[in-house]
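# Structural description and commentary
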Amino acid sequence: MGDQIELSRRYISLLPSQSQAKRKGAGSRTWLVLSKSGQVSVEELGKQTVMRRNGITARDLRVVEPELSYPSAILRRERAVVVNLEHVKAIVTANEVLVPNPRDPRIASFVYDLEFKLSDFDTTMRSDNANAKEESPTDTPPEASASRYEEAPADQVDSRRGNSKPLPFEFRALEICLESVCKSLESETSTLEEEAYPALDQLSDRTSTNNLKRVRVIKGRLVALNGRVQKVRNEFEHLLDDDIDMAQMYLTDKLATLQSEGLVPDGDDEEDDLLAGGAIDGNMSSKSSTVAATDLNPNVEELEMLLGAYFVQIEGILNKLSTVHSFFSPLLLFHFR
């Protein structure tokens, strides 16, 4: 808790003053920027800057605006994944994550998790690669290696790709988004359960206007929450059912393919400048768009495993809500018949 408070203070100190924001113009918004190298900054960015920086459209940008309400969605774009799930709104690229309105207390825990879990990405990646190089191919039979990968928990599987490479930056960032959403929905469901069963027991023991009103209010919250969870579940299911959509989310592999084709400068400094907002002229953008996701032939099993783990969590939440709902309808029907 102390770390989160200290982190929040640090973010607030980084935020521009109101006078600075006004000078930037009405089209500017405060964004929290977390880079793959672990750097954290708060920047005032205009809409056009954000769109050029991440290769997204104005419609994509509206999806993550906190003031607007859009259906749950994970949008796949050429150089970014736009996440809008419940309170989580983020633009994820191969090199950075952008989160709008970092001062919003509703996303304080999400922002803290992003900073804490992504700050050591480069260190972890170098360590994992070094360990993989030290291992001899003959030390572990292929069958045993595959077995360990399949049996490993989701929070351990994400640290390796095929037992040799760490999960790419965009997937680690995506996992934090999914984890935050599932934790929030799970917490709301638990709270609703704690209120629902005692209320139902009281109504069974004594029929009164207050008890009926309380149960009806809880049922309304239950129906609303069930609908929100269902939308998140449907988005997960849509991704899992489409290998092409999952392939488009391999941003690091896509960047490597563009570099091998000579369409993107190959170099750490130039690459960082490019993806962090360096100028991409129209010709380069046009050439980049010709590289289809299907040409990458990625092993989508790693992303499928990641999404599948959280899909199972969402299914579990829906089952809990369905169980609670099954107690409401007969009881209310009995009292209003």
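Residues numbered from 1 in each chain as written. Predicted model: local features only at pLDDT ≥ 70, side-chain atom pairs only at ≥ 80, totals over all residues. Heavy atoms only, no water.

Looking only at helices and strands, the protein features 15 helices and 6 strands. The burial tally for the protein puts 43% of its 337 residues in the buried class. The long-range fraction of contacts in the protein, counting pairs at least 24 apart against all pairs at least 6 apart in sequence, stands at 67%. (Helix = DSSP H or I, 4+ residues; strand = E, 2+ residues; numbered from the N terminus. Buried < 20%, exposed > 50% of the residue type's maximum accessible area, 1.4 Å probe, protein only. Contact = heavy atoms within 4.5 Å.)

Counting residues in each nonpolar core, the largest one holds 61 residues, and the members touching the most others are V97, V99, F110, F236 and L303. Looking at this core, the element that brings in the most residues is helix α9 (residues 169-205), giving 15 residues. Leaving out residues up to four positions away in the same chain, F110 has contacts with H87, V88, A90, V99, I176, C177 and S180. Counting 15 residues, the second-largest nonpolar core is a separate cluster that includes W31, I56, A73 and L98. (Core = buried A, V, L, I, M, F, W, Y, C linked by side-chain atoms within 4.5 Å.)

This part takes up the environment of N319. If you trace the backbone, N319 turns up in helix α15 (residues 301-336). When the C-alpha positions of N319 and N226 are compared, they lie 9.8 Å apart, and in sequence the two are 93 residues distant.

One pass over the full model with this rule turns up 16 salt bridges. Taking the shortest distance from any N to any O, the salt bridge between R233 and E237 comes out at 2.9 Å. Of this pair, R233 and E237 both sit in helix α10 (residues 209-240), 4 residues apart, which is roughly one turn of the helix. Classification of E237 as partly exposed rests on a relative accessible area of 29%. Linked by salt bridges that have partners in common, E43, R53 and E96 make up one network. (Salt bridge = Lys/Arg side-chain N within 4 Å of Asp/Glu carboxyl O.)

In contact at an axis separation of 10 Å, α9 and α10 are set at 155° when each is read in the N-to-C sense. Between α9 and α10, the angle falls in the class roughly antiparallel. Judged by the sense of rotation from one axis to the other, the crossing of α9 with α10 is left-handed. Contacts between α9 and α10 involve L178, V181, L185, E188, T189, L192, E195, A196, A199, L200, Q202 and L203 on the former and, on the latter, N211, L212, R214, V215, I218, R221, L222, L225, R228, V229, V232 and F236. For the contact of α9 with α10, the class distribution of residues is 16 nonpolar, 3 polar and 5 charged. (Axes fitted to C-alpha atoms, helices over the stretch in contact; angles between N-to-C directions. Parallel < 35°, antiparallel > 145°, perpendicular 65-115°, else oblique. Left-handed = near helix turned anticlockwise from the far one by under 90°. Nonpolar A, V, L, I, M, F, W, Y, C, P; charged D, E, K, R; others polar.)

What follows covers the packing of aromatic side chains. Taken as a whole and judged by the stated rule, the model has 3 aromatic pairs. Ring plane angle 85° and centroid distance 4.8 Å describe the contact between F171 and Y250, whose orientation is recorded as edge-to-face. Of the two residues, F171 is situated in helix α9 and Y250 in the loop between α11 (243-248) and α12 (251-260); the sequence distance between them amounts to 79 residues. When the ring of Y197 is compared with that of F327, the centres are 5.7 Å apart and the planes differ by 85°; the resulting orientation is edge-to-face. Linking Y197 in helix α9 with F327 in helix α15, this pair joins segments that are 130 residues apart in sequence. Accessibility expressed as a relative area gives 45% for F327, which makes it partly exposed. (Phe/Tyr/Trp six-rings, centres within 6.5 Å; stacked < 30°, edge-to-face > 60°.)

The subject of this paragraph is the confidence of the model for the protein. Chain-level pLDDT for the protein is 77 on average; 65% of the residues reach the 70-or-more range. Between residues 14-25, whose pLDDT stays under 50, and residues either more than four places distant or in other chains, the model counts 11 contacts. Note on residues 269-294: pLDDT under 50 across the span, and 39 contacts to partners over four residues away in sequence or across chains. (pLDDT = per-residue confidence, 0-100.)

The strands that make up a sheet pair up through hydrogen bonds in the backbone, lying either parallel or antiparallel. Strand order in the open sheet formed by 6 strands is β2-β1-β6-β5-β4-β3, with antiparallel pairing between adjacent strands. Each of the sheet's edge strands pairs with one partner strand only, and the pair in question is β2 (40-46) and β3 (73-76). Strand after strand, the sheet turns through a mean of 20° between neighbouring axes, direction not considered. Here strand β1 (residues 28-35) runs beside strand β6 (residues 96-100); their pairing, made up of 5 bridges, is antiparallel. By the bridge assignment, W31 is partnered in β6 with P100. Contacts from helix α5 (residues 108-118) reach β1, β2, β5 (88-92) and β6 within the one sheet, and its direction differs from that of β6 by about 165°. (Pairing = 2+ DSSP bridges.)

Turning next to the environment of L200. Locating L200 in the fold gives a position in helix α9. Relative accessible area serves as the criterion here: at 6%, L200 is assigned to the buried category.

Inspection of every chain in the model, using the stated rule, returns 2 cavities of 30 Å³ or more. Computed from the structure, the second largest cavity encloses a volume of approximately 40 Å³. With 3 residues, the top contributor of residues to the lining of the second largest cavity is α5. For the lining of the second largest cavity, the residue count by class is 4 nonpolar, 4 polar and 1 charged. (1 Å grid on protein atoms, 1.4 Å probe; cavity = no way out; pocket = protein on both sides within 12 Å on 5 of 7 lines; lining within 4 Å. Points joined across faces, edges and corners; volume = space filled by probe spheres on them.)

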